[in-house]
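An overview of the molecular structure
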Amino acid sequence: MTLLALMRAARLGLAPAALAAGLLATTPPALAQGGYDRVHSGDATFYSYSGGGNCSLPVPAMPTAALNAADYNGAQACGACLRVTNPANGKAVDVRVDDSCPECAVGDVDLDDDAFAAIAEPWLGRIPVTWQYIACPAPRLSIFFRPESNPWWTQVQVRDHRYPVKTFAWRPAGTQAAFTRLPRESYNYFTAASGLGSGAVDLKLTDVYGQVVRVNGVVPEPGSTVPTKKQFPLR
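This section reports on the structure supplied with the text. (Residues numbered from 1 in each chain as written. Predicted model: local features only at pLDDT ≥ 70, side-chain atom pairs only at ≥ 80, totals over all residues. Heavy atoms only, no water.)

1. Description of the nonpolar core
If you look at the biggest cluster of nonpolar residues, it comprises 28 residues, and the most contacted ones within it are V84, V109 and L111. Contributions of two or more residues to this core are made by β1 (40-47), β2 (64-68), β3 (81-85), β4 (92-101), β5 (109-112), α4 (113-119) and β6 (127-134). Counting residues per element, this core draws most heavily on β6, at 4 residues. For V84, the residues in contact, after removing those within four places along its chain, are K91, A92, V93, V95, V109, L111, I119, V129, T130 and W131. Ranked by size, the runner-up nonpolar core spans 21 residues in total, among them L141, I143, L182 and L205. (Core = buried A, V, L, I, M, F, W, Y, C linked by side-chain atoms within 4.5 Å. Buried < 20%, exposed > 50% of the residue type's maximum accessible area, 1.4 Å probe, protein only. Helix = DSSP H or I, 4+ residues; strand = E, 2+ residues; numbered from the N terminus. Contact = heavy atoms within 4.5 Å.)

Below is the structure:
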């Protein structure tokens, strides 16, 4: 169990042993709410966040949030931006999903403490909210290769994307080969179990709305961030 999970357990009144038992249970997880174009509802709580979330992303300049396991959807929500609104006073805050909250109910969102304070008094602890996906402000997306990667085993991550990334596929650069989709880990890396080789590759990224961005001639360099001139179109 992670330190963040223990902190949340204490705040939500759950005994660590009970939480651990729940995480180890074989009950199927709740289905994701989906609905990237609709308004969601649930409760908002808060916690102190300074990095190290399940999404494996650098801490952004904007506020962040942890999303319940169902809406986290196997890391598909990582890097997505949400507008969270407190219906009681009409205040709203924009956040980026940087973490998951396994013990949160479907629809719930665990905000960083500053984000919660922007829409409610912290002493309240938990409030009903609505939230919806919005376009992230990043002008261009980038590709990051995990430092441990090599030509025979590669993990890659999409960063600074406008909308949630649904699929990541690749092929050798400059070829007409079919694109090969990579599976996504729950910690937000796409894994090529046999690597991407040592040459340049063409990438095909698809967001949850079906919009496609292609980035050609990317050279996989372990530990490097590859900036692009591409971004998913505004909807």
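Now that the structure has been shown, we can carry on.
2. Let's talk about the packing of aromatic side chains
The geometry of two aromatic rings is summed up by the distance between their centres and the angle between their planes. Taken as a whole and assessed by the stated rule, the structure comprises 8 aromatic pairs. Judged by centre distance (5.5 Å) and plane angle (75 degrees), the rings of W131 and Y133 are edge-to-face. Assigned by exposure class, W131 and Y133 land together as buried. Summarising the aromatic geometry, the rings of F168 and F190 are spaced 5.1 Å apart at their centres and angled 20 degrees between planes, so their arrangement reads as stacked. With F168 in strand β9 (residues 165-172) and F190 in strand β11 (residues 190-192), this pair connects stretches of sequence that are 22 residues apart. Taken together, the ring pairs connect Y36, W131, Y133, Y163 and Y209 into an aromatic cluster. Its end group placed over the ring of F144, R159 keeps NZ or CZ at 3.9 Å from the ring centre. (Phe/Tyr/Trp six-rings, centres within 6.5 Å; stacked < 30°, edge-to-face > 60°. Lys NZ or Arg CZ within 6 Å of the ring centre and 35° of its normal.)

3. Focus: the environment of Y187
Among the secondary structure elements, Y187 is positioned in the loop between β10 (180-181) and β11. What makes Y187 partly exposed here is its relative accessible area of 31%. Between the C-alpha atoms of Y187 and S100, which are 87 residues apart in sequence, the distance is 9.3 Å. In this structure Y187 touches N54, C55, S56, Y72, R146, Q155 and Q157, once residues within four positions along its chain are discounted. A polar side-chain atom of Y187 sits 2.9 Å from a polar atom in the side chain of Q155. (Polar contact = N/O pair within 3.5 Å; in protein donor to acceptor, adjacent residues only side chain to side chain.)

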